[in-house]
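Each chain is listed here by its residues.
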Amino acid sequence: MHIVTGNIHIHSRHSDGSAAIPEIAAAAAKAGLDYIIVTDHQTLSGLPEEGYHHGVLVLVGMEINRTKNHYLALGIRREIPDNDESPQAVIDAVNEQGGLGFIAHPFEKGSPFVLDGITYPWQDWKVQGFTGIEVWNWCSQWRDGIQKLLKGLFYAYFKPDGPISGPCPQALKLFDKIAQKQKITAIAGSDAHNWHFRYGPFQRCIFPYEYLFRTANNSLLLKEPLSQNVKKAKKQILEALRTGRAYIINHLLGKADGFSFFVANEKGIFNLGDTVTLTANTTLSVRCPFVSARHLSISILRNGTVWQQEENNRCNYQITEKGTYRVEIRHKKKSWIFTNPIYVV
Ligand SMILES: [Zn+2]
Ligand SMILES: [Zn+2]
């Protein structure tokens, strides 16, 4: 198994970001990422720049819709027009091109001090056919956390991750509900713009690209090393996202070398996104060998409810019930790792 880590949901100068794609890739290289996915608003004009820059694989998708129902579309060749009122039409158009898509920042609260309180929530929950949900959007959560001006200024100048708590609980709840019926992928997005917090005379770039590339990233499990051939590498990344062979990791709390979560029985070893048939000898294991056990709290959720919890850096349990199992790990009580599920049927 080969693990690659990257950042998803990035805006460049092709829309309202503040840097060109090669500059953004250079920031990703400094942060040690393997890939990034640029999703500019309403355009695929960055597509000719897809490829390796500074050793980082850059993929280009787009973010569709304006006032609500923002959708991140990946793996498409032709731009898809906005349809704020009918996001199903957008999802269908992405699927027709063989692409995949994620519901972006579905539950935003907004801040009276940022963007005049504007939010871009997802409103149509009758939709079907999407690949997954962006359960953690870093910039959106930052904004939601700025409800008092003085606190906002303090965060902006001294503690940029102050309002950050972890994936949005509402989004996770919805994710767990859907995952009990069908496969779905959870991702984290940075929504990187190199964005400035402005209030009267105060102005500060809160989240430069490089900073965000060291926050909530997405690690993907690949069967082979990431190819140097761009077309093949793109297929590897998109396939891992499509099949849920992915977990979210907050790199502000450190890397997770050696981390694994798997289910095993006499039929084999099963990883994130896999479906396993329950037998009498089915076990579930979590390992995080290089981090001190006293710093970690491992929660295993079954069908969205905590099934087991342990202060440790490894655990093993026998599975006796079918269900959708995923893992959350807190590092010194802070949100660190959130996996996609393994489906036991
Ligand atoms: Zn958006
Ligand atoms: Zn965005």
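Everything numeric in this text was worked out from a predicted model, so none of it was measured.

Draft legend 1. Local environment of the environment of Pro163. Residue position: Pro163 is located in the loop between α4 (149-158) and α5 (169-179). Considered as a pair, Pro163 and Ile146 are 17 residues apart in the sequence and their alpha carbons are 7.2 Å apart. Apart from residues lying up to four places away in sequence, Pro163 is in contact with Gln141, Trp142, Asp144, Gly145, Ile146 and Tyr155.

Draft legend 2. Structural context of unusual backbone geometry. Look at His105: it is not a glycine, yet its phi comes out positive at around 25°. With respect to the helices and strands, His105 occurs in the loop between β6 (100-103) and β7 (132-137). Of the residues examined, His105 has 27 C-beta atoms within 10 Å and is grouped as buried. We note that Asn303 has phi near 50°; this positive angle belongs to a residue other than glycine. Take Asn303: it is sitting in the loop between β17 (296-302) and β18 (305-310).

Draft legend 3. Examining helix α2 (residues 87-96) more closely. Taken residue by residue, α2 has Pro87, Val90, Ile91, Ala93 and Val94 as its buried positions. Buried residues of α2 fall within an arc of 160° about the axis and therefore sit on the same side. Buried residues along α2 sit in contact with β4 (56-64), β5 (71-74) and β6. Positive backbone phi, at 75°, marks Gly98, one or two positions downstream of α2.

Draft legend 4. View of the sheet that holds strand β13 (residues 260-265). The 4 strands lie next to each other as β14-β13-β16-β19, forming an open sheet whose pairing is antiparallel. Each of the sheet's edge strands pairs with one partner strand only, and the pair in question is β14 (268-270) and β19 (314-318). On average, adjacent strands in this sheet sit at an angle of 20° to one another, irrespective of strand direction. By the bridge criterion, 5 bridges tie β13 to strand β16 (residues 283-287) in an arrangement that is antiparallel. Bridging from a neighbouring strand, Val263 pairs with Leu284 of β16.

Draft legend 5. Examining the domain arrangement of the protein more closely. Taken as a whole, the protein is organised into domain 1 (2-253) and domain 2 (260-344). For domain 1 and domain 2, the distance between their C-alpha centroids amounts to 26 Å. Taken together, the contact between domain 1 and domain 2 spans 21 residues of the former and 16 residues of the latter. Those elements that place two or more of their residues in the side of domain 1 that touches domain 2 are α5, β8 (185-189) and β12 (246-250). By residue class, the composition of the side of domain 1 that touches domain 2 is 9 nonpolar, 7 polar and 5 charged.

Draft legend 6. Examining the nonpolar core more closely. By size, the foremost hydrophobic cluster in this structure holds 102 residues, and its most contacted members are Ile36 and Ile248. Sorting elements by how many residues they give to this core places β4 first, with 7 residues. Split by domain, this core shows at least three residues from each of two domains, domain 1 (2-253) and domain 2 (260-344). When sequence neighbours within four positions are dropped, the list of residues in contact with Ile36 reads Gly6, Asn7, Ile10, Ile24, Ala25, Ala28, Val56 and Val58.

Draft legend 7. The arrangement of α4 in detail. Every buried residue of α4 is accounted for by Gly152, Tyr155 and Ala156. In an axial view of α4, the angular spread of the buried residues amounts to 100°, which keeps them on one side of the axis. Projecting away from the buried face of α4 at angles above 90 degrees are the exposed residues Leu150, Phe154, Tyr157 and Phe158.

Draft legend 8. Examining the pairing of β4 more closely. Most of β4 sits out of view: 9 of its 9 residues are buried. Bridging between strand β2 (residues 35-41) and β4 involves 7 bridges; their strand directions are parallel. In the strand pairing of β4, Tyr35 is matched with Leu57. Here strand β3 (residues 51-53) pairs with β4 via 3 bridges, running antiparallel. Pairing of Gly51 across the sheet is with Val58, part of β4. Where β3 hands over to β4, the hairpin turn is made up of 2 residues, of which His54 adopts a positive phi near 50°. Note: β4 against β5, 3 bridges, orientation antiparallel.

Procedures and definitions
- Residues numbered from 1 in each chain as written.
- Chains lettered and ligands numbered in written order.
- Predicted model: local features only at pLDDT ≥ 70, side-chain atom pairs only at ≥ 80, totals over all residues.
- Helix = DSSP H or I, 4+ residues; strand = E, 2+ residues; numbered from the N terminus.
- Contact = placed C-beta atoms within 7 Å.
- Buried ≥ 20, exposed ≤ 12 C-beta atoms within 10 Å, placed from the backbone.
- Arc of directions from axis to C-beta.
- Pairing = 2+ DSSP bridges.
- Axes fitted to C-alpha atoms, helices over the stretch in contact; angles between N-to-C directions.
- Domains from an automatic or database assignment.
- Nonpolar A, V, L, I, M, F, W, Y, C, P; charged D, E, K, R; others polar.
- Core = buried A, V, L, I, M, F, W, Y, C linked by C-beta atoms within 7 Å.

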